[in-house]
Amino acid sequence: MSHSSIYGLTYEQLQSWLMEHGEKRFRTEQVWNWLYKKRIDRFEDMNNVNQSTIDLLKENFVLHTMAEEIRQESKDGTIKFLFKLADGNVIETVLMRFNYGLSVCVTTQVGCNIGCSFCASGLLRKSRDLNSGEIVEQIMNVQKHMDERGEEERVSHIVVMGIGEPLDNYKNLMDFLYIVNDDGGLNIGARHITVSTSGLAHKMYEFADDPIQVNLAISLHAPNNELRTQIMKINRAFPIEKLMKAVDYYLEKKNRRITYEYIMLHDVNDHKKEALELAKLIRNHRHLAYVNLIPYNTVDEHIDYQRSSSENIQAFYETLKAEGIQCGVRWENGADIDAACGQLRSKQIKKTKAV
């Protein structure tokens, strides 16, 4: 791909680029409006922008760097997209329907190196980071799909929980956040955006120092080092002590609630013992903590893991509540369409290799 995605530029970066190329400052707002409010598919559609500016943009940028390969629609309204990138790699993006609006789960890397032993995303190693334009374009593609349906629905929430570790692709992640949050564009509120990390403690400090007020979720999945290392190898580099020290710094800087993601694995991390350990771990800042209990989506390649029983999930939930911990159970969306993150991508790559 010789040209870069115009969606990779923040408003300030676009303004600087246009002015460096001899354009007036007001052009930025015009172009931004065409990109994100009117959501054009061709630069030529910007009918109040002069031809020389359109030609300049066409010479340097593109609007499309990926193509829809597969679209799966669930009975519950969830839509899973498999997009093919310009280099031939494929990524997943998921649209989920909730009573509060439409939420899109975006991918930040091609593959994942975190290596959680239960996860479909980690079946294929990371080959590269996505650039900011490729992350933004996932949102644009989903929104344009909704536009075409003619129901005047808009993406209102974003979760950065797809394939890859967002904080391992920090610069592109932050540009993405500022682009989608810009009130002159998609205007997706910062408090409607959640970034999920497996616990890259050193990057959490940097994230805490940034002024943007998006939400943070931490994939914890175990309350002690022995168990967490067993299922998440990232814990070797960032054990719970380091992670919780970064949590303390984040809370001091942001004073914003953190969500702890806890996947429920049968007879692995779903006993009352682990529930009590988890409550003790976060008790000192429980007023700024919420535990999201996630029933496991089974993956063919990880037959050692099964979903916790409903009884164990309920008992775990009730133990946390009794200990004064805010928590809830997140039942999956799209159970009938490869619900596990990375599952569709993994299946498609296997099919391609088999041909």
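Let me sum up the structure you'll find in this document. Residue numbers here run from 1 along each chain, matching the order of that chain's written sequence. Thresholds applied to this predicted model are a pLDDT of at least 70 for local features of residues and 80 or more for the giving and counting of side-chain atom pairs; totals over whole chains, interfaces and linings are not thresholded and use all residues. Remark: hydrogens and water are excluded; side-chain values derive from all non-hydrogen atoms of the structure.

## Regarding the overall build of the protein
When its secondary structure is counted, the protein shows 12 helices and 14 strands. Atoms counted for the radius of gyration: C-alpha only. Globule rule: 2.2 Å times the number of residues to the power 0.38. Taking 2.2 N^0.38 as the reference for a compact globule, 355 residues should give roughly 20 Å; the C-alpha atoms of the protein span a radius of gyration of 21 Å, in line with that estimate. Projected onto the principal axes, the alpha-carbon positions of the protein cover approximately 70 × 50 × 35 Å. Here the term buried applies to any residue with accessible area under 20% of the maximum for its type, exposed to any over 50%, and partly exposed to those in between, with areas from a 1.4 Å probe on protein chains only. Here the protein holds 355 residues, and the buried ones make up 56% of them. We count a stretch as a helix when DSSP gives it H or I for four or more residues in a row; a strand needs E for two or more, and each element gets its number in order from the N terminus.

## Describing the layout of surface pockets
Cavities and pockets are found on a 1 Å grid laid over the protein atoms alone: a cavity is a set of points where a 1.4 Å probe fits but cannot escape, a pocket is an open set with protein on both sides within 12 Å along at least five of seven lines, and a lining residue has an atom within 4 Å of such a point. Grid points are joined across faces, edges and corners, and a volume is the space filled by probe spheres set on the points. In this model, the second largest pocket occupies a volume close to 180 Å³. Lining the second largest pocket are Asp41, His64, Met66, Ala67, Glu68, Arg71, Phe83, Asn141, Lys144, His145 and Glu148. Throughout this entry, Asp, Glu, Lys and Arg are counted as charged residues, while Ala, Val, Leu, Ile, Met, Phe, Trp, Tyr, Cys and Pro are counted as nonpolar. The remaining residues, Gly among them, count as polar. Within the lining of the second largest pocket, the residues separate by chemical class into 3 nonpolar, 3 polar and 5 charged.

## Some points on helix α2 (residues 26-36)
Think of an α-helix as turning once every 3.6 residues; residues three or four places apart then point the same way. Burial analysis of α2 places 8 of its 11 residues in the buried class, the great majority of the element. All of the buried residues along α2 are Arg27, Thr28, Gln30, Val31, Trp32, Trp34, Leu35 and Tyr36. Along its buried surface, α2 packs onto α1 (11-20), α3 (51-60), α4 (132-149) and α5 (170-181). In this description, contact between two residues means that some pair of their heavy atoms is separated by no more than 4.5 Å.

## Remarks on the side chain of threonine 10
Relative to the elements of secondary structure, threonine 10 occurs in the loop between β1 (4-5) and α1. Here threonine 10 is in contact with Trp32, Asp175, Tyr178 and Ile179, once residues within four sequence places are set aside.

## Overview of the environment of threonine 259
With respect to the helices and strands, the residue threonine 259 is situated in strand β12 (residues 258-264). Residue classification places threonine 259 among the buried positions, given a relative accessible area of 15%. On a C-alpha basis, the gap between threonine 259 and methionine 204 in space is 14 Å, while along the polypeptide they are 55 residues apart. The residues contacting threonine 259, other than those within four sequence positions of it, are Leu216, Ala217, Ile218, Tyr290 and Asn292.

## Quick notes on the sheet that holds strand β9 (residues 155-160)
Should DSSP find at least two bridges between two strands, the strands are regarded as paired. One open sheet holds the 10 strands; their spatial order is β3-β4-β5-β6-β9-β10-β11-β12-β13-β14, and the pairing between them is mixed. What marks the edges here is a single partner per strand, and that holds for β3 (66-73) and β14 (327-329). Mean inter-strand twist for the sheet, computed between neighbouring axes without regard to direction, equals 25°. Pairing of strand β13 (residues 289-295) with β14, which is carried by 3 bridges, proceeds in the parallel orientation. Counted as the bridge partner of valine 291 is cysteine 327 from β14. Docked against the sheet, α4 engages β3, β4 (79-85), β5 (90-98), β6 (101-105) and β9, running at close to 50° with respect to β5. All axes here are fitted lines through C-alpha atoms, helices being fitted over the stretch that makes contact, and every angle between N-to-C directions spans 0 to 180 degrees.

## Some details on the pattern of salt bridges
For this analysis, a salt bridge means a side-chain nitrogen from Lys or Arg found within 4 Å of a carboxyl oxygen belonging to Asp or Glu. All told, the structure shown has 19 salt bridges when counted by the stated rule. Within the structure, one salt-bridge network assembled from shared partners comprises Asp87, Arg128 and Glu134.

## With respect to the packing of α1 against α2
Orientation of α1 relative to α2, taken along the N-to-C sense of each, is 130°, at an axis distance of 9 Å. As far as their axial angle goes, α2 and α1 are oblique. Taken as a pair, α1 and α2 cross one another with a handedness that is right-handed. Of α2, the residues touching α1 (which contributes Tyr11, Leu14, Gln15 and Leu18) are Arg27, Thr28, Glu29, Val31 and Trp32. Throughout, the term roughly parallel applies to angles under 35 degrees, roughly antiparallel to angles over 145, roughly perpendicular to angles from 65 to 115, and oblique to all others. In this scheme, a crossing is called left-handed if the near helix is turned counterclockwise away from the far one by less than a right angle; it is called right-handed if the turn is clockwise.

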